[in-house]
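Spelled out, the chains give:
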Amino acid sequence: MRFAITGASRGIGRATALRLAAPGSELALHYHTHSAEAEEVERRVVQRGATAVRLAADLSRTGEVHRFSEELLRRWSSIDGLVLNAGVYPRAPFDRISTDEFESCFQTNVFGPAQLASELLPALRRSAHGASIVFVSSVLAFTGSTRGAHYASAKAALVGLARSLARELAPTIRVNVVAPGSIDTAILAGDSPERRRDRERTIPLGRIGRADEVAEAVAFLLSPGASYVTGTTLHVNGGVLPA
Ligand code: NAD
């Protein structure tokens, strides 16, 4: 099985790559600037019996997304799973978010993944197993976010995009969303200890989640076990009820 994962050098993308690595699987590991970390992920997935290719691209730039797709399509004629995980989490009060910042947030979190899915469609359609796309959204798409209106609305846009593609690409390609809650990755690294305690207090399971717990959900949606699941959102948030 061939899986392409964006943002695979760290966090949820890295955990997903490790989870999907198995004898016989082929992984395309996209990364942006963390080349040493991406190399380390490649080493780990190869140790698990998979083969891997590492490809760098800034997904906020249309030309780079296109170059990435072309490179991947040159190497692979078919793709079985596409995980659109790379994203940025900017934070600011609504009245301090400039139009440029709004646009930049949408560029990386929505337009980049949409362009990538579109350009890789020919290879996804050639999957012998029935391909699957998983978008990584966020619980904030459902709850809203104070100091993150651009992020929450971009992540909500991904849900609409996935539901639309689930209809449009059926029955050949399944399309779903994983919506993580608070997960222990670099994205939360700026939290103060008090902020972290505040987060934990609001989570019924009483703790921040782990990247590998999100990777399990992604792996399920990519697997034959999810063969009748499309257009849905799998929430991985410790019980924080989405609106
Ligand atoms: P992370 O910061 O470790 O990972 C983000 C990834 O996106 C990195 O690999 C980074 O290189 C990549 N990326 C960022 N900007 C990019 C660009 N311009 N071009 C290409 N790649 C770029 O954090 P993470 O928590 O692993 O985040 C993964 C996804 O999960 C993101 O989409 C994030 O919004 C989402 N998410 C995370 C949490 C959380 O609490 N950690 C919660 C909800 C959703």
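Preceding this section is the structure that the text describes.
In this report, we go over the structure that sits alongside the text. Just so it is clear, the structure is predicted and the values come from calculations on it, not from any experiment.

Another point: the site of the ligand. In the region of the ligand, 29 residues are neighbours, and Ile-12, Leu-59, Asn-85, Tyr-151 and Thr-185 sit closest. A distance of 2.9 Å is found between an oxygen atom of the ligand and a side-chain nitrogen or oxygen belonging to Arg-10. Within the backbone of Leu-59, one N or O atom sits 2.7 Å away from a nitrogen atom of the ligand. Calculation on the ligand without its partners gives an accessible area of 810 Å², and the protein chains cover 95% of this total. Judged by the proximity of its atoms to the pocket grid, the ligand belongs to the largest pocket. Among the secondary structure elements, those contributing two or more residues to the shell around the ligand are helix H1 (11-20) and helix H6 (149-169).

Below, the discussion takes up unusual backbone geometry. At the junction of Ala-170 and Pro-171, the peptide bond is cis and its omega measures out at 0° in the coordinates. Structurally, Pro-171 can be placed in the loop between H6 and strand S6 (173-180). Positive phi values are uncommon outside glycine, yet Arg-147 reaches one of about 65°. Position of Arg-147 among the secondary structure elements: in the loop between helix H5 (140-143) and H6. Using a relative accessible area of 47% as the deciding quantity, one classes Arg-147 as partly exposed.

Moving on, we get to the packing of aromatic side chains. Under the definition given, this model contains three aromatic pairs. Ring centres of Tyr-89 and Tyr-151 lie 4.3 Å apart, and the angle between their planes is 35°; this geometry places the pair in the tilted category. Taken as a pair, Tyr-89 in the loop between strand S4 (81-84) and helix H4 (99-125) and Tyr-151 in helix H6 lie far apart in primary sequence, 62 residues in all. A residue is classified by how much of its surface remains accessible, and Tyr-89, at 19% relative accessible area, is buried. Looking at Tyr-151, the relative accessible area reads 8%, which means it is buried. Here Phe-106 and Phe-111 contribute two aromatic rings whose centre-to-centre distance is 6.1 Å and whose plane-to-plane angle is 50°, an arrangement assigned as tilted.

So, about helix H8 (residues 211-222). For H8, with twelve residues, the first-to-last C-alpha span of 17 Å sits near the 16 Å given by 1.5 Å per residue. The set of residues buried in H8 consists of Ala-211, Val-214, Ala-215, Ala-217, Val-218, Ala-219, Leu-221 and Leu-222. Where H8 is buried, its residues contact strand S1 (2-5), H1, S4, strand S5 (131-136), S6 and strand S7 (233-236).

A word on the environment of Gly-160. For Gly-160, the location among the structural elements is in helix H6. Judged by relative accessible area, which is 34%, Gly-160 ranks as partly exposed. Between the alpha carbons of Gly-160 and Val-177 there is a distance of 9.9 Å; along the sequence they are 17 residues apart.

The rules behind the values
Residues numbered from 1 in each chain as written. Predicted model: local features only at pLDDT ≥ 70, side-chain atom pairs only at ≥ 80, totals over all residues. Heavy atoms only, no water. Near = heavy atom within 4 Å. Polar contact = N/O pair within 3.5 Å; in protein donor to acceptor, adjacent residues only side chain to side chain. Areas by Shrake-Rupley, 256 points an atom, 1.4 Å probe, with all protein chains shown as cover. 1 Å grid on protein atoms, 1.4 Å probe; cavity = no way out; pocket = protein on both sides within 12 Å on 5 of 7 lines; lining within 4 Å. Sits in = over half its atoms within 2 Å of the grid points. Helix = DSSP H or I, 4+ residues; strand = E, 2+ residues; numbered from the N terminus. Buried < 20%, exposed > 50% of the residue type's maximum accessible area, 1.4 Å probe, protein only. Phe/Tyr/Trp six-rings, centres within 6.5 Å; stacked < 30°, edge-to-face > 60°. Expected span 1.5 Å × (residues − 1). Contact = heavy atoms within 4.5 Å.

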